[in-house]
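Coordinates in review
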There are 2 protein chains.
Amino acid sequence: MPAAALKLDETFAALADPTRRAILRRLAQGEASVSELAAPFDMSQPAISKHLKVLERAGLISTGQDAQRRPRKLEPEALVIANDFLIELRTLFEARYAALDAVLEELKTTGAKAPGA
Amino acid sequence: MPAAALKLDETFAALADPTRRAILRRLAQGEASVSELAAPFDMSQPAISKHLKVLERAGLISTGQDAQRRPRKLEPEALVIANDFLIELRTLFEARYAALDAVLEELKTTGAKAPGA
DNA sequence: ACGGAAAATAACCAAACAGTTATACAACAC
DNA sequence: GTGTTGTATAACTGTTTGGTTATTTTCCGT
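Residues numbered from 1 in each chain as written. Chains lettered and ligands numbered in written order. Predicted model: local features only at pLDDT ≥ 70, side-chain atom pairs only at ≥ 80, totals over all residues. Heavy atoms only, no water.

Some words on the overall build of chain A
- Across its full length, chain A carries five helices and two strands.
- Across chain A, helices and strands are ordered from the amino to the carboxyl terminus as α-α-α-α-β-β-α.
- Taken over 117 residues, chain A has a buried fraction of 35%.
- Taking as baseline every contact in chain A between residues at least 6 positions apart, the subset at least 24 positions apart corresponds to 49%.
- For chain A, the accessible surface area stands at approximately 6900 Å², while carbon and sulfur atoms represent 55% of it. (Helix = DSSP H or I, 4+ residues; strand = E, 2+ residues; numbered from the N terminus. Buried < 20%, exposed > 50% of the residue type's maximum accessible area, 1.4 Å probe, protein only. Contact = heavy atoms within 4.5 Å. Areas by Shrake-Rupley, 256 points an atom, 1.4 Å probe, with all protein chains shown as cover.)

Okay, here's the thing in structure tokens:
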């Protein structure tokens, strides 16, 4: 298993939670402190800290420092890795149809004979 | 919470497992029966059936019928939904930089004064 | 040095997950 | 109908997850 796959596990798992996705949306608009991030949610501060830890382990965010605050910011690289997997799938999928199209085209031009014949 | 968010939860959660991602890669190349899908893995058939159920609930695959076989095929629509979220994030993120660039540009042309001054 | 604010950590709990084995079901072959 | 193949379901188990409250740590202000 490639090393990146481990990160992929964590990245997709991190994205599977609506609270965490909302946090990412917020961070896409700029850095924010834990309490700022926690404010919109009906949830304790430690719960948010846990979500942030999940996001950080997945490489989706990073932590800064500003006095007592630990502002988080989005790390878009991890998003790219996730996207790459989706693109890989889509590419494989489309390649298959391209191959099928090629076969059909071949059949048409050679007069509906079997490929090996 | 929008209705699509529920699917997003399930879709990303489904993608978070390496066995399931491998199954999707396999299915991207064409339909396959359960036993075909199970073959590469050191895992029981019921375990694979469970993974397939997770993938199906997420809308990532669908089930056909061919005698005793229940061939699965990839459903790329769900991939699009997942991709849309990533794109949304990226768009928000880039919009912010665009806004920042605009501010910097404004500062440059007006002679480095504060925006409100 | 002390008090307070921001955040992290610990300890705990219920629910969900990912696997197992054993069993049941469905559809074909004879 | 009987046996066989392919798949699903049931029941169980250890681990992980997502939340809680209580406590601790870190840093600032005075």
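Some remarks on the nonpolar core
- Within the largest apolar cluster, 54 residues are counted, with the highest numbers of intra-cluster contacts made by F12 and L60 of chain A together with F12, L15 and L60 of chain B.
- Leaving out residues up to four positions away in the same chain, F12 of chain B has contacts with F12, L15, A16 and R21 of chain A together with A82 and F85 of chain B. (Core = buried A, V, L, I, M, F, W, Y, C linked by side-chain atoms within 4.5 Å.)

As for the interface of chain B and chain A
- Listed as interface residues are 29 residues of chain B and, on the opposing side, 30 residues of chain A.
- Of the roughly 2700 Å² buried at the junction of chain B and chain A (both faces included), carbon and sulfur atoms supply 71%.
- Taken together, the connections running from chain B to chain A amount to seven residue pairs in polar contact (both at pLDDT 80 or more).
- Counting only elements with at least two residues in the side of chain B that touches chain A, the list comes to helix 1 (3-15), helix 2 (18-28) and helix 5 (76-110) of chain B.
- Residue contributions to the side of chain B that touches chain A peak at 13 residues, all from helix 5 of chain B.
- Classifying every residue of the side of chain B that touches chain A by side-chain character gives 20 nonpolar, three polar and six charged. (Buried area = accessible area lost by both parts, 1.4 Å probe. Polar contact = N/O pair within 3.5 Å; in protein donor to acceptor, adjacent residues only side chain to side chain. Nonpolar A, V, L, I, M, F, W, Y, C, P; charged D, E, K, R; others polar.)

A look at the protein's contact with DNA strand C
- Lining the immediate surroundings of DNA strand C are 22 residues, of which S35 and R72 of chain A together with S44, K50 and H51 of chain B lie closest.
- In DNA strand C, atoms within 4 Å of the protein come 64% from sugar and phosphate.
- Here a phosphate oxygen of DNA strand C sits 2.6 Å away from a polar atom, N or O, in the side chain of S35 of chain A.
- Take H51 of chain B: an N or O atom from its side chain is 2.2 Å from a phosphate oxygen of DNA strand C.
- Those elements that place two or more of their residues in the surface near DNA strand C are helix 3 (34-38) and helix 4 (45-57) of chain A together with helix 4 (45-57) of chain B. (Near = heavy atom within 4 Å.)

A word on a nonpolar patch on the surface
- Residues Y97, L100 and L104 of chain A make up a contiguous nonpolar surface patch of about 270 Å² in total accessible area.
- Along the polypeptide, Y97 of chain A turns up in helix 5 (residues 76-110). (Patch = residues over 30% accessible without salt bridge, like charges linked within 9 Å, V, L, I, M, F, W, Y side chains within 5 Å. Salt bridge = Lys/Arg side-chain N within 4 Å of Asp/Glu carboxyl O.)

Some thoughts on the relation of the copies chain B and chain A
- With an RMSD of 0.1 Å, the operation that places chain B on chain A is a rotation of 180 degrees combined with a shift of 0.0 Å along the axis. Both copies of the chain, as the preceding transformation shows, are related through a two-fold rotation axis.
- A symmetric contact is evident, with 100% of the interface residues of chain B recurring at the interface of chain A. (Least-squares fit on C-alpha atoms with pLDDT ≥ 70 in both.)

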